[in-house]
Amino acid sequence: MTSHSHILVEEKFSARILTLNRPAQLNVLSLDMMTRLLKLFLAYEEDPSVKLVILKGQGRAFCAGGDVKPTVRNIVEGKWRLSADIFAEEYMLNYVMATFSKIQVSILNGIVMGGGAGLSIHGRFRIATENTVFAMPETALGLFPDVGASHFLSRLPGFFGEYVGLTGARLDGAEMLACGLATHFVPSTRLTALEADLWRVDSNDPNFVSKILDAYAQHPNLKQHSAYYRLHVIDRCFSKRTVEDIISALERELTRPTQEPNDWISTTIRALKKASPSSLKISLRSIREGRLQGVGQCLIREYRIVCNVMKGDISNDFVEGCRAILVDKDRNPKWEPRRLEDMKDSMVDQYFERVDEEEGWEDIKFPPRKNFHASGIIAKL
């Protein structure tokens with residue numbers, strides 16, 4: 001199948017509906033799909049008849065991320081630069097979406113992970129449903145939350161972004177709405193009617209779209225054991241300077257007298273201890289730096305990091321993580337370095353530096369853009 005069959009395009013009045021169409025693969029993004037989406041978004045920006053772009057997924061996922069298998073294959077074959085080119089295309093798409101002058105509405109009726117977050121969170125409107133499952137699971141794969149995640153995670157309330165980014169914790173639609181990753185929550189049974197109303201928007205004014213979404217939106221209650229109710233504990237622990245300090249703080253929480261069960265804390269500690277030590281340290285620093293940077297700066301930095309990850313001079317945890325989780329599926333990665341304390345600050349520093357001057361390598365460069373709305377992350381509670 002071609003990228004055209006993997007990206008279905010419908011024209012409805014001044015709206016364009018783009019549907020990711022790899023349902024059996026949970027709509028994971030291939031390079032062809034990224035290239036196709038980028039061309040479409042750039043074309044729509046120049047087309048005065050297009051006022052609104054709706055992005056959604058076929059099946060039970062919006063998008064479960066990027067297709068890492070060809071990326072890993074390139075690295076194993078010594079062609080890491082080809083993998084870096086894939087990330088460059090994806091980050092360019094993320095940047096265009098973050099600075100898109102038209103209205104983007106993403107319907108997140110299902111799984112939203114990794115690259116799927118990059119396709120949606122940068123857009124102006126993000127609709128969650130009761131079927132939504134959001135996660136940035138990169139640290140378990142030996143990678144780090146990228147696609148501009150250091151921008152949008154760092155803008156979540158308190159240190160919730162560090163928690164989500166380091167642990168790979170899964171959030172439902174109500175939690176996405178509460179922390180601001182989603183702008184609206186609409187029951188899936190009402191999506192068809194909502195779309196039909198959105199098609200008729202013949203204006204570049206986002207207030208018209210906002211009023212329609214508000215008419216369909218609900219404010220679901222968080223589940224009793226939601227991590228968002230533990231924001232005080234998350235802030236206390238994930239505000240610490242180092243990953244080691246975060247884990248120590250969580251372990252101290254286990255000894256505190258409390259009325260609530262400690263299962264959540266134990267699960268959080270296990271997730272951190274199972275993740276790649278190098279990924280954890282890269283991720284924490286990346287999110288912290290993202291707080292002070294615009295989305296373009298974040299993506300430029302993330303591209304430097306990902307190129308160093310692909311090159312594998314410091315650690316090959318990305319290849320090992322993909323082997324353990326996606327290929328052999330033994331879920332027993334052999335991280336190197338194995339312990340957090342062996343991942344020195346000087347090693348982390350190297351990931352944030354330009355790749356050794358090799359012929360042809362350079363920082364990613366984004367074209368001048370007129371629009372800088374960048375996604376507004378606003379907590380609802």
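What counts, and where the lines are drawn
- Residues numbered from 1 in each chain as written.
- Predicted model: local features only at pLDDT ≥ 70, side-chain atom pairs only at ≥ 80, totals over all residues.
- Heavy atoms only, no water.
- Helix = DSSP H or I, 4+ residues; strand = E, 2+ residues; numbered from the N terminus.
- Rg over C-alpha atoms; globule rule 2.2 N^0.38 Å.
- Buried < 20%, exposed > 50% of the residue type's maximum accessible area, 1.4 Å probe, protein only.
- Contact = heavy atoms within 4.5 Å.
- Areas by Shrake-Rupley, 256 points an atom, 1.4 Å probe, with all protein chains shown as cover.
- Core = buried A, V, L, I, M, F, W, Y, C linked by side-chain atoms within 4.5 Å.
- Pairing = 2+ DSSP bridges.
- Axes fitted to C-alpha atoms, helices over the stretch in contact; angles between N-to-C directions.
- Expected span 1.5 Å × (residues − 1).
- Arc of directions from axis to C-beta.
- Salt bridge = Lys/Arg side-chain N within 4 Å of Asp/Glu carboxyl O.
- Phe/Tyr/Trp six-rings, centres within 6.5 Å; stacked < 30°, edge-to-face > 60°.
- Parallel < 35°, antiparallel > 145°, perpendicular 65-115°, else oblique.
- Nonpolar A, V, L, I, M, F, W, Y, C, P; charged D, E, K, R; others polar.

In this section: the overall build of the chain. When its secondary structure is counted, the chain shows 17 helices and ten strands. The C-alpha radius of gyration of the chain comes to 20 Å, within 12% of the 21 Å expected for a compact globule of 381 residues. Its C-alpha atoms give the chain principal-axis dimensions of about 60 × 60 × 40 Å. In the chain, which comprises 381 residues, the proportion classed as buried is 58%. Within the chain, counting contacts between residues at least 6 apart in sequence, those at least 24 apart form 75% of the total. For the chain, the exposed surface amounts to about 16,300 Å²; the carbon and sulfur share of it is 51%.

Take the nonpolar core next. If you look at the biggest cluster of nonpolar residues, it comprises 106 residues, and the most contacted ones within it are L119, F134 and F160. A per-element tally of this core places helix α4 (residues 80-98) first, with twelve residues. The residues contacting F134, other than those within four sequence positions of it, are V112, A117, I121, F152, V164, A169, R170, L171, M176 and L181. Counting residues in hydrophobic clusters, the runner-up holds 19 residues, among them L52, I103, V105 and F125.

If you walk across this open sheet you meet the six strands as β1-β2-β3-β5-β7-β10, and the pairing is mixed. Looking at which strands have only one partner, the edges of the open sheet turn out to be β1 (7-12) and β10 (184-185). Each of β3 (52-57), β5 (103-108), β7 (125-128) and β10 touches helix α10 (residues 206-216); the most contacted strand, β7, lies at about 10 degrees to it.

Below, the discussion takes up helix α12 (residues 243-254). With twelve residues, α12 extends 17 Å between its outermost C-alpha atoms, agreeing within 8% with the 16 Å of an ideal straight helix rising 1.5 Å per residue. Turning to α12, its buried residues are V243, I246, I247, A249, L250 and E253. Looking down the long axis of α12, one finds its buried residues gathered within 160 degrees of arc, a one-sided arrangement. The inward-facing, buried residues of α12 contact α7 (160-167), α11 (231-238), α13 (263-274) and α14 (277-290).

Before going further, it helps to examine the pairing of β1. On any regular strand, side chains alternate: one points to one face of the sheet, the next to the other face. Here β1 pairs with strand β2 (residues 15-20) via six bridges, running antiparallel. Within β2, the residue paired with K12 across the bridge is A15. Connecting the antiparallel pair β1 and β2 is a turn made up of two residues, with F13 showing a positive phi of about 55 degrees.

Turning to the pattern of salt bridges, a few remarks are in order. Evaluation of the coordinates by the stated rule reveals 25 salt bridges. Among the salt bridges present, the one from R301 reaches E289, with a minimum N-O distance of 3.5 Å. One end of the pair, R301, is in helix α15 (residues 295-311); the other, E289, is in helix α14, with twelve residues separating them in the sequence. What makes R301 buried here is its relative accessible area of 7%. E289 gets classed as partly exposed once you look at its relative accessible area, which sits at 25%. Between E362 and K365 there is a salt bridge; the shortest N-O distance is 3.8 Å. We classify E362 as partly exposed; its relative accessible area is 45%. Using a relative accessible area of 55% as the deciding quantity, one classes K365 as exposed. Within this structure, R285, E289, R301 and D349 form a network of salt bridges that share partners.

It is worth spelling out the packing of aromatic side chains at this point. Counting across every chain of the model gives nine aromatic pairs. With a centroid separation of 6.0 Å and 70 degrees between ring planes, the pair formed by F87 and Y91 is classed as edge-to-face. Of this pair, F87 and Y91 both sit in helix α4, separated by four residues, roughly a single helical turn. Taken as a pair, F87 and Y91 share a single burial class, namely buried.

In terms of burial, β3 is a largely internal element, five of the six residues being buried. With six bridges connecting them, β2 and β3 associate as parallel partners. The residue of β3 that forms the bridge with T19 is K56. Inspection of the sheet shows β3 paired to β5 by four bridges, in the parallel sense. The residue of β5 that forms the bridge with I54 is V105.

Here we take up the sheet that holds strand β6 (residues 111-113). Ordered by their spatial adjacency, four strands build an open sheet running β4-β6-β8-β9, and the pairing between neighbours is mixed. Single-partner strands in this sheet number two, and they are β4 (61-63) and β9 (171-172). Relative to strand β8 (residues 133-135), β6 runs parallel, the two being bridged by three bridges. Looking across to β8, one finds that I111 is bridged to V133.

Axis separation between α11 and α12 bottoms out at 8 Å; the angle between their running directions is 135 degrees. In this view, α11 runs oblique relative to α12, as classed from their interaxial angle. Taking contact as the criterion, the partners of V233, R236, C237 and F238 in α11 are, on α12, I246, A249, L250 and E253. For the contact of α11 with α12, the per-class residue count stands at six nonpolar, no polar and two charged.

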